[in-house]
Amino acid sequence: MTPTVRTRIAPSPTGFLHLGTARTALYSWAYARHHGGHFILRIEDTDVARSTQESVDQIIASMRWLGLDYDEGPHYQMQRLERYHAVVEQMIAAGAAYRCWCTPAELDEMREAQRARGEKTHYDRRWRPEPGKVLPVIPAGIQPVVRLRNPLDGSVTWDDLVKGPISIANEEIDDLIIMRPPPEGAAEGALGIPTYNFAVVVDDWDMGITHVFRGDEHVNNTPWQINIFQALGAPQPRFGHCPIILGEDGLKLSKRRGAVSVTAYEEAGYLPEAMLNYLARLGWSHGDDELFTREQMVQWFDGSHLARSPAQWDPAKLAWVNAQYLKQADDSRLAALVARELARRGLGPVADDLMRRRCGLYKDRCTTVVELADWVEMHEVPVVPAEADVAQHVTDAVRPALVALRDRLAEIDWDAATIAQVLKQTLTAHGLKMPQLAIPVRVLVCGRTQTPSLDAVLALFERRTVLARLQHL
Ligand code: GLU
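Note that the coordinates shown come from a computational prediction; the quantities given were computed from them, not determined experimentally. (Residues numbered from 1 in each chain as written. Predicted model: local features only at pLDDT ≥ 70, side-chain atom pairs only at ≥ 80, totals over all residues. Heavy atoms only, no water.)

Engineer: Before we go on, may I ask you to explain the overall build of the chain in this structure?
Structural biologist: A count of helical and extended segments in the chain gives 19 helices and 13 strands. Relative to the compact-globule value of 23 Å for 473 residues, the chain shows a C-alpha radius of gyration of 31 Å, a clear excess of over 25%. Projected onto its principal axes, the C-alpha coordinates of the chain cover approximately 110 × 50 × 40 Å. Considering the chain as a whole, with its 473 residues, one finds that 48% of them fall into the buried category. (Helix = DSSP H or I, 4+ residues; strand = E, 2+ residues; numbered from the N terminus. Rg over C-alpha atoms; globule rule 2.2 N^0.38 Å. Buried < 20%, exposed > 50% of the residue type's maximum accessible area, 1.4 Å probe, protein only.)

Now the structure itself:
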């Protein structure tokens, strides 16, 4: 019987949820959902100096925002030290791992000598027990590390879900450190800290992980991990290593060259479903489909059609995807998002109904919620029209028409149909064409030359605001 699919995402809480991690989280999640399996969140917090609770909270918040719900976890590695400790002891007892008392100075010396001989640097296995081998004398005052007793010959082979078959000769692989002593100054009896490659295997084993999707940067770690699975007699998951995401400049997407966290895109006004859709396409395809729902992705994501070559982050495409989702989004939902954005700017609440109608009117021309908030903000905060626009459009030729329009607007019923009627009547009375009147009104009232239909826009202002902005003609 094939085991139930169990996938996981295992971020290190040393910063925000990175876009690359979000993408592999999405693939892991979608794969589990596709197969009716389980998706697990594990926090890999063994880098004690760099891990923070704030980062854990951010990661969880980003997962929730993206709707990547997990069935188990978060599990924390630092709460599992006893388990790693027990497994290490088992491995030592079985001859699959051994203690090594090399000091950092000795290791430096070893590498130096190897370099001088023109060799690739490697651990020379001096503490590796072999039948008949006499090991060095255990030095005093040194806390040992534990190393994997990696096989010396043969090779490690796996069929990568993304990259296809991969094979690495064991002679290329060092006896990796799998456990370090507790940090200096740790309490008496404190347990050692496992290294990434060891903890990840014990966890994937204990958590019954069947499929691992992760970034390309781990492909070189996989041979060690497979050897550890084998040493433990544990079932090996299938691995899929997704190529890195490149920035617009063709280099690895990095913080130094733009936003790389999910949070940054949330703050910039992207919708989670747009983000998911865009991230999904960045390394996976389903025919020519560019826009699809989460449900469709779950239905389609069977681990095939994962791209082998790196995808390039394309802000213009993300903006396009987001614009499509904004257009479809429910006005009440957008109103709540815009209200939050305006609150961030220190602007007070706007009546729900007005906010909804404004969002409905402007959403078609926006790429982000932040942009939508800019449109709504123009209703709430005095605008400062550009002098050049005023000079160009608010001319003496149209001033009498503007004054007449303002006087009519002061007395009519305040709705789009009546405003439209008054606009038309003013045009006729002054022999003007619509843009000659509408553009100066836009400049003065909205601070911009282009808006949706002017009657609809004006109707969504308070009448007194419009009159005040047309005051000094
Ligand atoms: N903590 C590792 C990372 O964030 C997890 C890698 C893995 O999925 O095995 O890169």
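Engineer: For this particular structure, what's the right way to read the site of the ligand?
Structural biologist: Inspection of the region around the ligand gives Arg8, Ala10, Pro11, Ser12, Glu44, Tyr196, Val200, Arg214 and His218 as its neighbouring residues. A distance of 2.8 Å separates a nitrogen atom of the ligand from a polar backbone atom of Ala10. In this structure, the ligand is accommodated by the largest pocket. (Near = heavy atom within 4 Å. Polar contact = N/O pair within 3.5 Å; in protein donor to acceptor, adjacent residues only side chain to side chain. 1 Å grid on protein atoms, 1.4 Å probe; cavity = no way out; pocket = protein on both sides within 12 Å on 5 of 7 lines; lining within 4 Å. Sits in = over half its atoms within 2 Å of the grid points.)

Engineer: How should I be thinking about the packing of aromatic side chains in this particular structure?
Structural biologist: Under the criterion given, the structure shown has 12 aromatic pairs. Each ring, one from Trp284 and one from Phe301, has its centre 5.4 Å from the other, and the planes form 50 degrees; the classification is tilted. Taken together, the residues Trp284 in the loop between helix H8 (272-281) and helix H9 (294-300) and Phe301 in the loop between H9 and strand E13 (311-312) connect sequence positions 17 residues apart. Residue classification places Phe301 among the buried positions, given a relative accessible area of 0%. Clustering of aromatic rings is evident, with ring pairs tying together Tyr27, Tyr31, Phe213, Trp284, Phe292, Trp300 and Phe301. (Phe/Tyr/Trp six-rings, centres within 6.5 Å; stacked < 30°, edge-to-face > 60°.)

Engineer: Got a minute to help me understand unusual backbone geometry in this structure?
Structural biologist: Apart from glycine, the bulk of residues carry a negative phi angle, and the bulk of peptide bonds sit in the trans form. Cis peptide bonds are those with omega within 30 degrees of zero, and the linkage from Gly73 to Pro74 qualifies with 0 degrees. On the secondary structure map, Pro74 appears in strand E3 (residues 72-76). Within the chain, Arg125 stands out as a residue other than glycine whose phi angle is a positive 65 degrees. A positive phi angle is found at His305, which is not glycine, with a value near 65 degrees. Turning to its location among the elements, His305 is positioned in the loop between H9 and E13. Assessed through its relative accessible area of 57%, His305 is described here as exposed.

Engineer: Sorry, what's going on with the pattern of salt bridges here?
Structural biologist: Any two side chains of opposite charge can pair, so long as their charged atoms come close to each other. Applying the stated criterion to the full structure yields 39 salt bridges. Of the charged contacts in the structure, one is a salt bridge between Asp159 and Arg238, with a shortest N-O distance of 3.7 Å. Here the residue Asp159 occupies a position in strand E6 (residues 155-160), and Arg238 occupies one in strand E11 (residues 238-242), the gap between them amounting to 79 residues. Judged by its relative accessible area of 44%, Asp159 falls in the partly exposed class. Judged by relative accessible area, Arg238 falls into the partly exposed class, the value being 34%. (Salt bridge = Lys/Arg side-chain N within 4 Å of Asp/Glu carboxyl O.)

Engineer: So what exactly am I meant to see when it comes to helix H4 (residues 104-116) here?
Structural biologist: Every α-helical turn comprises 3.6 residues, leaving residues that sit three or four positions apart pointing alike. With 13 residues, H4 ought to run about 18 Å at 1.5 Å a step, and its terminal C-alpha atoms sit 18 Å apart, in line with that. Within H4 the residues assigned to the buried category are Leu107, Met110 and Gln114. Along H4, the residues classed as buried sweep out an arc of 60 degrees about the axis, all on the same side. Opposite the packed face of H4, turned more than 90 degrees from it, sit the exposed residues Ala105, Glu109 and Ala116. Elements in contact with the buried residues of H4: strand E5 (145-148). Directly after H4, the chain includes Gly118, whose backbone phi takes a positive value near 75 degrees. (Expected span 1.5 Å × (residues − 1). Arc of directions from axis to C-beta. Contact = heavy atoms within 4.5 Å.)

Engineer: Honestly, the layout of surface pockets in this entry has me stumped. Any pointers?
Structural biologist: Where empty space is left in the structure can be found by rolling a water-sized probe over the atoms. In this model, the largest pocket occupies a volume close to 1200 Å³. Ser12, His18, Thr21, Glu217 and His218 are, among the 43 residues lining the largest pocket, the residues nearest its centre. Those elements giving two or more residues to the lining of the largest pocket turn out to be strand E1 (6-9), helix H1 (19-34), strand E9 (193-194), helix H5 (196-206) and strand E10 (211-215). Among the residues making up the lining of the largest pocket, the classes are represented as 19 nonpolar, 14 polar and 10 charged. (Points joined across faces, edges and corners; volume = space filled by probe spheres on them. Nonpolar A, V, L, I, M, F, W, Y, C, P; charged D, E, K, R; others polar.)

Engineer: For this particular structure, what's the right way to read the nonpolar core?
Structural biologist: Nonpolar side chains in soluble globular proteins generally cluster together in the buried interior. With 49 residues, the main nonpolar core has Val338, Leu409 and Val445 as its most contacted residues. The contact partners of Val338, leaving out residues within four places of it in the chain, are Met355, Cys359, Val369, Leu372, Ala373 and Val376. By size, the runner-up hydrophobic cluster in this structure holds 48 residues, among which are Trp29, Leu253, Tyr270 and Ala311. (Core = buried A, V, L, I, M, F, W, Y, C linked by side-chain atoms within 4.5 Å.)

Engineer: Even after reading the chapter, I still don't get the sheet that holds strand E8 (residues 177-180), so can you show me in this structure?
Structural biologist: One key point about sheets: their strands pair by backbone hydrogen bonds, in either a parallel or an antiparallel sense. The strand order across the open sheet formed by four strands is E4-E5-E8-E9, and the pairing between neighbours is antiparallel. The strands lining the two open edges of the sheet, one partner per strand, are strand E4 (97-100) and E9. (Pairing = 2+ DSSP bridges.)

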